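# An overview of the molecular structure
Residue strings, one per chain:
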Amino acid sequence: MTSFLHFKSNVFLAPMAGITDAPMRNIVYGKCKDKVNIISEMVAINALSRKNAKTYKIADVRGEPYPVIVQLVGASPELFADAAQLAVELGASAIDINMGCPVRKITTTGAGSALMKDIKSAEQIIKAVKNAINLDVSVKFRKGWDENSINAVDFAKMCQDCGASYVTIHGRTRAQGYSGVADWKIIADVKNSLNIPVIGNGDINSVYDAKEMIRQTGVNGVMIGRAALGNPWLLGQIFDYLQTSKQPDKISTEEILNTVLYHVELLKKYYDEKLAVALSRKYVCWYSKNFYDAKKFRENYMKITDYQNAIEEIKQYFTLAVREEK
Ligand SMILES: Cc1cc2nc3c(=O)[nH]c(=O)nc-3n(C[C@H](O)[C@H](O)[C@H](O)COP(=O)(O)O)c2cc1C
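Below: a short report on this structure.

### Section: the site of the ligand
Close to the ligand lie 17 residues, the nearest being P15, A17, Q71, N201 and R226. A distance of 2.8 Å is found between an oxygen atom of the ligand and a side-chain nitrogen or oxygen belonging to K140. Protein burial of the ligand: of its 610 Å² of free accessible surface, 89% is covered by the chains. Looking at the shell around the ligand residue by residue, the classes come out as eight nonpolar, six polar and three charged.

### Focus: the side chain of E64
Along the chain, the position of E64 falls in the loop between helix 3 (53-59) and strand 3 (68-73). A polar contact is formed between the side chain of E64 and the side chain of R25, at a distance of 2.7 Å. Sequence-distant contacts of E64, that is, excluding residues within four places in its chain, are made with A22 and R25.

### What to know about the layout of surface pockets
Estimates place the volume of the largest pocket at around 780 Å³. Every residue lining the largest pocket is counted, 27 residues in all, and those nearest its centre are M42, A44, K54, T55 and I58. For the lining of the largest pocket, the secondary-structure elements that each account for two or more residues are strand 2 (38-44), helix 2 (45-49), helix 3, helix 5 (104-107) and helix 12 (273-287). Taken together, the residues that form the lining of the largest pocket break down as 16 nonpolar, five polar and six charged.

What counts, and at which threshold
- Here, residues in each chain are numbered from 1, in the same order as that chain's written sequence.
- Confidence filtering applies because this is a predicted model: local features only for residues at pLDDT of at least 70, side-chain atom pairs given and counted only at 80 or more, and all residues used for totals across whole chains, interfaces and linings.
- For side-chain calculations, the full set of non-hydrogen atoms in the structure is used, while hydrogens and water are omitted.
- Residue proximity to a molecule or strand is established when one non-hydrogen atom of the residue lies within 4 Å of it.
- Here a polar contact means two N or O atoms within 3.5 Å. Within protein one must be a hydrogen donor candidate and the other an acceptor candidate, and residues neighboring in sequence count only if both atoms are side-chain atoms.
- To measure how exposed things are, a 1.4 Å probe is used in the Shrake-Rupley method; for residues, cover is taken only from the protein chains shown.
- Side-chain classes follow a simple rule in which Ala, Val, Leu, Ile, Met, Phe, Trp, Tyr, Cys and Pro form the nonpolar group, Asp, Glu, Lys and Arg form the charged group, and the remainder, Gly included, forms the polar group.
- Only DSSP runs of H or I covering at least 4 residues are called helices, and only runs of E covering at least 2 are called strands; the numbering of each starts at the N terminus.
- Only heavy atoms matter for contacts: two residues are in contact if any of them lie within 4.5 Å across the pair.
- Detection works on a 1 Å grid of protein atoms alone, calling trapped sets that fit a 1.4 Å probe cavities and calling open sets with protein on both sides within 12 Å along at least five of seven lines pockets, with lining residues defined by an atom within 4 Å of a point.
- Grid points are joined across faces, edges and corners, and a volume is the space filled by probe spheres set on the points.

Set out below in structure tokens:
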């Protein structure tokens, strides 16, 4: 299966707070086009209701020339309904509800994965968002809170009963955070228990992993997070591989160089020069993984605070790498 609902692809970029911002989404979409579905980083509904400028900017996807599913996180059904309406006004193509975030700051407010322990509130939230907007509403959640309270199957059924268009399951418990191994068996169990589409997430690091998850679990789609860091081509490659089983072509170092430069330029346009340099550090490190002497380059890059110096450093390092490859 290559598509479901109105989505053109069954491959989804995972929401990642502080990472899948507008510049990153632009880069991933630029490389993968309609082979990927794009999701925002999570938007805190409490901050959005206070019209917090930073949060408002995260929620505003009107400048992006491709559909963006906006993910909301919070605990109040009323605020969720308002936030969903506002997100739609700000350009969201669909709304995803975060019921999987493991971070303490979030769960102690009753939001994120804490909702897996509070089914009543989870139900009210999904119904409130469904009533508030006419677009697809989906839910992203985990295997359960911890190994003693694994409830993904029942939770998924509840999401379906409340009108979710599809669900995404990350095969880890809240207690695992991002460590350990994602449990694909629970993903299969969720898939086998629902009539709505199910997206599988967790530990897809290659085109082969994506195909294997679909084979093992029967999911309708796959979601990829960390493996896309420094490799925005991967999601399009996964889409192609699922159709053709042909090995993806190697991305040239020249293209990587141009992508890094464009990414940093986008950061400058979206934020400002100073913030762009600071934020670029993590992305530039990810792009340089697998490159010769990357450790030394990263050490140097971390010290740079001036935009033009950052560009020069990137050019110098990746250009040398281009020469080495030819
Ligand atoms: C830095 C970081 C930030 C994340 N932020 C979010 C988020 O905002 N919303 C969400 O639902 N999941 C978030 N996640 C979880 C990912 O969407 C995904 O479920 C997880 O990384 C497992 O997929 P992977 O193995 O492909 O990385 C985040 C993960 C990371 C590493």
